[in-house]
Amino acid sequence: MNDQRFYEPKNSKDAMRFIEKLFNSYKDAPLTQSLLVYHQKLINQLRDNIEPAAKSEGIASRVEAAENMQKVMTNWITIKMAGKPYNGRMHHFKFQPNGAQAKFKRHNIKISGNGGHQASRH
């Protein structure tokens, strides 16, 4: 039963994805002391455990991504302490502002018959 309680990442990328998912889940929550402590714990995990693991794996892009995540998460603290909303999220270990997601145009294709339309999104 205790085995299901803790998350054991396979490698540094898996751990970074998990922290990214956790960060995105609470980024818009009101700032409390317990949230601030939890957030600081995640930053320390990145700095003390995940970044050295990425260095030992020998993947420079992952080390850079871990450093970037630390910067984004530290920036979140300053924005929330100022009482401003955090307009964005973390995506692929980088800050992504709201509204920066890809938009796909929709093109309807008429099919013979009464009002039959087929959407094509490619």
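Residues numbered from 1 in each chain as written. Predicted model: local features only at pLDDT ≥ 70, side-chain atom pairs only at ≥ 80, totals over all residues. Heavy atoms only, no water.

Chemist: I tried to follow the overall build of the chain on my own but got confused; where do I start?
Modeler: In terms of helices and strands, the chain carries three helices and four strands. Counting all 122 residues of the chain, 30% fall into the buried class. For the chain, restricting intrachain contacts to residue pairs at least 6 apart in sequence, the fraction spanning at least 24 positions comes to 52%. For the chain, the accessible surface area stands at approximately 9000 Å², while carbon and sulfur atoms represent 52% of it. (Helix = DSSP H or I, 4+ residues; strand = E, 2+ residues; numbered from the N terminus. Buried < 20%, exposed > 50% of the residue type's maximum accessible area, 1.4 Å probe, protein only. Contact = heavy atoms within 4.5 Å. Areas by Shrake-Rupley, 256 points an atom, 1.4 Å probe, with all protein chains shown as cover.)

Chemist: Looking at this structure, how should I read the packing of aromatic side chains?
Modeler: According to the stated counting rule, one finds six aromatic pairs in the structure shown. A ring pair is formed by phenylalanine 23 and tyrosine 26, whose centres lie 5.7 Å apart and whose planes are at 80°; its orientation type is edge-to-face. Taken together, the residues span about one helical turn, with phenylalanine 23 and tyrosine 26 both in helix α1 (residues 12-26) at a distance of three residues. Taken together through their ring pairs, the aromatic side chains of Phe23, Tyr26, Tyr38, Trp76, Tyr86 and Phe95 make up a single cluster. (Phe/Tyr/Trp six-rings, centres within 6.5 Å; stacked < 30°, edge-to-face > 60°.)

Chemist: Would you explain α1 in this entry?
Modeler: Here α1 spans 22 Å end to end across 15 residues, near enough to the 21 Å set by a 1.5 Å rise per residue. Of the surrounding elements, those touching the buried residues of α1 are α2 (33-57), α3 (60-81) and β1 (88-91). One side-chain oxygen of the residue at the start of α1 lies 3.3 Å from the amide nitrogen of lysine 13, identifying that residue as asparagine 11. (Expected span 1.5 Å × (residues − 1). Polar contact = N/O pair within 3.5 Å; in protein donor to acceptor, adjacent residues only side chain to side chain.)

Chemist: So what exactly am I meant to see when it comes to the packing of α2 against α3 here?
Modeler: The geometry of a pair of packed helices is captured by two quantities: the angle between their axes and the separation between those axes. Close contact between α2 and α3 brings their axes to 8 Å; oriented N to C, the two are set at 165°. Classed by the angle they form, the pair α2 and α3 counts as roughly antiparallel. For the element pair α2 and α3, the recorded crossing hand is left-handed. Between α2 and α3, the contacting residues are Leu35, Leu36, His39, Gln40, Leu42, Ile43, Leu46, Arg47, Glu51, Ala54, Lys55 and Glu57 on the first element and Arg62, Val63, Ala66, Glu67, Met69, Gln70, Met73, Thr74, Trp76, Ile77 and Met81 on the second. Broken down by class, the residue content of the contact of α2 with α3 amounts to 13 nonpolar, four polar and six charged. (Axes fitted to C-alpha atoms, helices over the stretch in contact; angles between N-to-C directions. Parallel < 35°, antiparallel > 145°, perpendicular 65-115°, else oblique. Left-handed = near helix turned anticlockwise from the far one by under 90°. Nonpolar A, V, L, I, M, F, W, Y, C, P; charged D, E, K, R; others polar.)

Chemist: What should I look at first to understand the side chain of glutamate 51 in this one?
Modeler: Along the chain, glutamate 51 falls in helix α2. A polar atom in the side chain of glutamate 51 sits 2.7 Å from the side chain of glutamine 70. In this structure, glutamate 51 is in contact with Leu46, Val63, Ala66, Glu67 and Gln70, ignoring residues within four places of it in sequence.

Chemist: Any chance you could explain the pattern of salt bridges here in plain terms?
Modeler: Scanning the model with the defined rule gives four salt bridges in all. Here lysine 55 and glutamate 51 are joined by a salt bridge, their closest N and O atoms 3.8 Å apart. With lysine 55 and glutamate 51 both in helix α2 and four residues apart, the pair spans about one turn of that helix. The class for lysine 55 is exposed, based on a relative accessible area of 54%. A salt bridge links arginine 62 to glutamate 57; the nearest nitrogen and oxygen atoms lie 2.7 Å apart. A relative accessible area of 15% means that arginine 62 is categorised as buried. (Salt bridge = Lys/Arg side-chain N within 4 Å of Asp/Glu carboxyl O.)

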